[in-house]
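The chain contents come next:
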Amino acid sequence: MANRYEPSKPLDLIVRNGTLVIPGVGLVKADVGIAEGKIAVLGSNLAQRTAEVYDATGRTVLPGIFDPHIHLGNEQSYESEAETETRAAILGGVTTVGIFLRSLEDSYFQHLPAFCKAMNERSYVDSVFHPQIFSEQQIEEIPGYAEQYGNRSFKFYMSGIPGIVKSVTDDVLLHGFRTVASLGSDAVACVHCETGALIDKARSELKMRKPEGTLADWEDAHPAVAEALAIQTALYLAKIAGAHLYVVHLSSRQGLDIVRAARRAGMRFTVETTTPYLGINSSDPNGFLAKMVPPVRTPEHQTALWEGLREGTINTVGTDNTSRALATKKPEAGLHGSRPGLPALGTHLPALLHYGRIRGVPLELLVERATRSPALVYGIYPQKGTIAVGSDADLVIVDLEQERTVCAEDLQGMSDFSPFEGKRLRGWPVATIKGGEIVARDGKIVAKANGRYLPRKSGPAPQLEWFASAQT
Ligand SMILES: [Zn+2]
């Protein structure tokens, strides 16, 4: 990115005396000077009479978190959640989101103008879109979505979620991958990897075997073998099509084993997991509040995911945020009656910091997976995902020692529960700067929403470390 800044430019805001975590560089003690929404200078003892100063002494300054995996509009209207859920995001240190758009039947041309408008007028965070593709017509229109709306990532479900989305068959998947690949090597095919037939069978068997049960039983409705097999299939089809496969929300050790083997075989693809999987296991006392698809699993799977994240087999971390109200989540309706989907934007960064510390994962690595890696994959680096001169001034200032008990009300999304409810987490944001403005401070929103939808232009293939390390 070109550096548009004159050194003499007046600064609007100085973040002073913090310890910066810069992905790929490390921990750096420096001030950040901000002008016109961009980072203008990094240095020591920055001073300017007219600039506002945020004293970050004793604090850690991270690039704004990029959660590449959220859903909006499952509970309330898209427009309403574009405001409420991004409010929870910015309070939690998330400054950019990747939104999986949903239109089961219609062309996205009918909906994209409204989706863009909502993000430009109501959102606290910046956003990129990943339209979810269900029909041949939508596949045919992918080049149009790219051209007119700057969409360069698309999602396919190998297994549907009853009442929410339907699955696509392998022929549709292959056609979709080929179409995504035709956009260029920067385009991404995101896939929910679970083999539909295995899930359908497992679900109906579970209903017979266990009309009632606990969260731990929910794992049986989504066996790990279905995830592992689907990853294998998706990898093969993506290879044939020449598409960059992005495995969303990896949840199991068996899935991770397939990923490791494929990497050793030289496959180039990207893998994501989520903070609910990293922080919550299937014996959690919050029970069905943590019901999601794929499910949170046993501690053994969780440990495997942490190993994968640490070693770089898993490249990015998101939330799969699908906000609901308790009244529709219905945890009291039990194993088969309670609904999947949970809010996780407000707890994303605290959960990553808290459980990452317990697992002994270095802070720089946690931050890398939540900022630079997804920004590279989705073509918005270095505008996002780092702290560098010329980058957007999106920063989260963290008190690594602050301990708070999670309470849905404090998170300020639309949900009246959190799957992390009652857990004491260590490491919370104390301020979030978005586009050069302090928008959240000490748990309160202190400025107007200034989020923007980010259309993406076609670009070169991203330089991904995990591509370079794969043998060719
Ligand atoms: Zn999702």
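On a predicted model such as this, the values are computed, not experimentally measured, just so you know.

A short note on helix 10 (residues 299-311)
Next, step 1: In a regular helix each residue adds 1.5 Å, so 13 residues correspond to 18 Å; helix 10 covers 18 Å between its end C-alpha atoms and thus fits that length.
Next, step 2: H301, Q302, A304, L305, W306, G308 and L309 are the residues of helix 10 that are buried.
Next, step 3: With its phi angle positive at about 95°, G312 sits one or two positions after the end of helix 10.

Digging into the pattern of salt bridges
Where charged atoms of side chains with opposite charge meet at close range, the side chains can pair.
Next, step 1: In this structure the tally under the stated criterion is 26 salt bridges.
Next, step 2: For E83, the salt bridge is made with R122, and the minimal N-O distance between the two is 3.4 Å. Placement of E83 in helix 1 (residues 78-91) and of R122 in helix 2 (residues 112-122) is noted, with a sequence separation of 39 residues between them.
Next, step 3: Under the relative-accessibility criterion, E83 is labelled partly exposed at 28%.
Next, step 4: Judged by its relative accessible area of 33%, R122 is partly exposed.
Next, step 5: When salt bridges that share partners are traced, they join K38, D126, K384, D392, D394 and K434 into one network.

Things to note about the layout of surface pockets
A probe matching the size of a water molecule, rolled over the atoms, marks out where space remains unfilled.
Next, step 1: The computed volume of the largest pocket comes to approximately 510 Å³.
Next, step 2: Around the largest pocket, the lining comprises 22 residues; the ones closest to its centre are Y378, G379, I380, Y381 and K457.
Next, step 3: By residue class, the composition of the lining of the largest pocket is 14 nonpolar, 4 polar and 4 charged.

Overview of the coordination of the zinc ion
Next, step 1: Summarising the metal site, the zinc ion is bound by the protein donors H69 (NE2), H71 (NE2) and D320 (OD), whose distances to it range over 2.0 to 2.1 Å.
Next, step 2: Counting gaps between the donor residues of the zinc ion yields the pattern H-x1-H-x248-D.
Next, step 3: Using a relative accessible area of 0% as the deciding quantity, one classes H69 as buried.

Examining unusual backbone geometry
Next, step 1: P294 follows V293 through a cis peptide bond whose omega is -10°.
Next, step 2: Mapping P294 onto the fold places it in the loop between helix 9 (275-279) and helix 10.
Next, step 3: If you check the backbone angles, K330 has positive phi at about 50° while not being a glycine.
Next, step 4: For K330, a relative accessible area of 38% translates into the label partly exposed.

Details of empty space enclosed by the protein
Next, step 1: Under the criterion given, the structure shown has 5 cavities of 30 Å³ or more.
Next, step 2: Taken as a whole, the largest cavity encloses approximately 100 Å³ of empty space.
Next, step 3: What lines the largest cavity is a set of 16 residues, and nearest its centre among them are A88, P343, L411, G413 and S415.
Next, step 4: Elements with a contribution of two residues or more to the lining of the largest cavity: helix 1 and helix 16 (408-411).
Next, step 5: Looking at the lining of the largest cavity residue by residue, the class counts come to 8 nonpolar, 7 polar and 1 charged.

What counts and how
Each chain carries its own residue numbering, running from 1 in the written order of its sequence. With pLDDT at 70 or above as the cut-off, local features in this predicted model cover only qualifying residues; side-chain atom pairs require 80 or more to be listed or tallied, and sums for whole chains, interfaces and linings still use all residues. Side-chain measures were taken over the full set of non-hydrogen atoms in the model, leaving aside hydrogen atoms and water. Note on conventions: DSSP H or I runs of at least 4 residues are helices, E runs of at least 2 residues are strands, and numbering of each starts at the N terminus. The span expected for a helix works out to 1.5 Å for each residue beyond the first. Summary of the burial criterion: residues with accessible area below 20% of their type's maximum are buried, those above 50% are exposed, and those between are partly exposed, where the area comes from a 1.4 Å probe applied to protein chains only. Each salt bridge in this description consists of a side-chain nitrogen of Lys or Arg and a carboxyl oxygen of Asp or Glu lying within 4 Å of one another. Definitions used throughout: a 1 Å grid over protein atoms alone; a cavity as a set of points that fits a 1.4 Å probe which cannot get out; a pocket as an open set with protein on both sides within 12 Å along at least five of seven lines; a lining residue as one with an atom within 4 Å of a point. Grid points are joined across faces, edges and corners, and a volume is the space filled by probe spheres set on the points. Residues are sorted three ways: Asp, Glu, Lys and Arg are charged, Ala, Val, Leu, Ile, Met, Phe, Trp, Tyr, Cys and Pro are nonpolar, and all the rest, Gly among them, are polar. With water omitted from the atoms examined, metal sites may look incomplete; donors here are N, O and S atoms no farther than 2.8 Å from the metal, or 3.2 Å in the case of Na, K and Ca.

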